[in-house]
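Observations on the model geometry
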Amino acid sequence: MSYSPESIQQLINSENYGERITGINQLRNIDPQIAFPMIQPLVTDENARIRYAAVSQLDPLGNVDLDTALNLLRDRLFNDSESDVRAAAADAIGGLKLVSAFDDLEQVYDSTSDWLIQLSIISALGEMGEPRAFGLLQKALGSDNSLVKTAAVSAFGELGDQNAVALLIPLVDDEDWQIRYRLAQALGHLGGEQAIATLNQLAQDQMEQVASEAQNNLSK
């Protein structure tokens, strides 16, 4: 199937919601240099679902102009009325590795109690690999929300800071097996004597998935 900017623009301008979403999704099939200007007005569309779809497409379309993408995403991160659009903005910031937005992500994390936004921010920090994220990840590790806590474990593994091992080891006895599973993955990335010792313990975990993941990481 062939796609053209003209046919996609016609879909985007449609009064039919489904056609507009189809048009947004088709933007990934044309030259990003053409698609990026087309998607920008949709980031602030009055329809929240359109905004969500558009913001989600900024990774990778934002690579065309990272400064413009950063401004668009910062605006949605702080100002959108919908939590999932703000979360999508955080996701795109992480995907584009816009490390200059770290302070913004930290500010929003500290100012919101919305778990979805917090989850996306912590996941984004893992993708970005920003060393300054250590303190915020440590904070997220103490979250009451298990999904945010699990994301923090994974992000520590991606960050690669050996200082995280001491913070992660106590989770070997966490009642949530998915946290123990992510712990095995993170310790595999981080390595070191303490990590290996904990992986040996996790290799005996009662949950098969956890034990298998720990064994896999020990054999690397």
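Each chain has its residues counted from 1, following the order in which its sequence is written. Totals for whole chains, interfaces and linings use all residues, but because this is a predicted model, local features are given only for residues with pLDDT of at least 70 and pairs of side-chain atoms are given and counted only at 80 or more. Water and hydrogen atoms play no part in the side-chain values, which are based on all heavy atoms of the structure.

Secondary structure elements are taken from DSSP: a helix is a run of H or I of four residues or more, a strand is a run of E of two residues or more, and numbering for both begins at the N terminus. Regarding its fold elements, the chain presents 14 helices and zero strands. When the elements of the chain are put in sequence order from the N terminus, they spell out α-α-α-α-α-α-α-α-α-α-α-α-α-α. Oriented by its inertia axes, the alpha-carbon framework of the chain measures out at about 60 × 40 × 25 Å. Note on exposure labels: buried denotes an accessible area under 20% of the residue type's maximum, exposed denotes more than 50%, and partly exposed covers the range between, all computed with a 1.4 Å probe on protein chains only. Counting all 220 residues of the chain, 48% fall into the buried class. Entry remark: accessible area of the chain is about 10700 Å², with carbon and sulfur atoms responsible for 44%. Areas reported here follow the Shrake-Rupley algorithm with a probe of radius 1.4 Å; residue values treat only the protein chains shown as occluding.

Moving on: a negative patch on the surface. Exposure above 30% relative accessible area and the absence of a salt bridge qualify a residue for a patch, where like charges join within 9 Å and nonpolar side chains (Val, Leu, Ile, Met, Phe, Trp, Tyr) within 5 Å. Take a side-chain nitrogen of Lys or Arg and a carboxyl oxygen of Asp or Glu: if they are within 4 Å of each other, that pair is a salt bridge. Positive charge is attributed to Lys and Arg, negative charge to Asp and Glu, and no charge count is given to His or to the chain ends. For charged residues, the charge sits on one atom: NZ in Lys, CZ in Arg, CG in Asp, CD in Glu. A contiguous patch of negative charge on the surface is contributed by Asp59, Asp91, Glu127 and Glu158. Tracing the sequence through the fold places aspartate 91 in helix α6 (residues 83-95). Judged by relative accessible area, which is 35%, aspartate 91 ranks as partly exposed.

It is worth spelling out the pattern of salt bridges at this point. Counted by the stated rule, this structure contains 11 salt bridges. The residue arginine 132 makes a salt bridge to aspartate 103 at a minimum N-O spacing of 3.5 Å. One end of the pair, arginine 132, is in the loop between α8 (115-128) and α9 (134-141); the other, aspartate 103, is in helix α7 (residues 102-111), with 29 residues separating them in the sequence. We classify aspartate 103 as partly exposed; its relative accessible area is 47%. A single salt-bridge network, built from bridges that share partners, covers Arg51, Asp75, Arg76 and Asp80.

Attention now goes to the nonpolar core. Buried Ala, Val, Leu, Ile, Met, Phe, Trp, Tyr and Cys residues that are joined via side-chain atoms within 4.5 Å together make up what is termed a nonpolar core. Counting 72 residues, the largest nonpolar core has Ile122, Leu125 and Leu168 as its most contacted members. A per-element tally of this core places helix α10 (residues 146-159) first, with seven residues. Contact criterion: two residues are considered in contact whenever any of their non-hydrogen atoms come within 4.5 Å of each other. Each residue touching isoleucine 122, except ones within four places of it in the same chain, is listed here: Tyr109, Leu136, Leu137, Ala140, Val148, Ala151, Ala152 and Ala155.

Moving on to unusual backbone geometry. Proline 60 follows aspartate 59 through a cis peptide bond whose omega is 25 degrees. Within the secondary structure, proline 60 sits in helix α4 (residues 48-61). Positive phi, normally seen in glycine, also occurs at lysine 97, with a value near 55 degrees. For lysine 97, a relative accessible area of 47% puts it in the partly exposed group.

With 14 residues, α4 should reach 20 Å at 1.5 Å per residue; the first-to-last C-alpha distance of 20 Å fits that figure. All of the buried residues along α4 are Ala48, Ile50, Arg51, Ala53, Ala54, Val55, Gln57, Leu58 and Leu61. Tucked inside the fold, the buried residues of α4 contact α2 (17-26), α3 (32-39), α5 (66-79) and α6. Pairs of N or O atoms are called polar contacts if they sit within 3.5 Å, as long as, within protein, a hydrogen donor faces a hydrogen acceptor (for residues adjacent in sequence, only side-chain-to-side-chain pairs). Regarding α4, its N-cap is asparagine 47, as a side-chain oxygen of that residue lies 2.8 Å from the backbone nitrogen of arginine 49 further along. Expected helix span is taken as 1.5 Å per residue step, with the number of steps being one fewer than the number of residues.

Distances and angles like these do not, on their own, reveal function.
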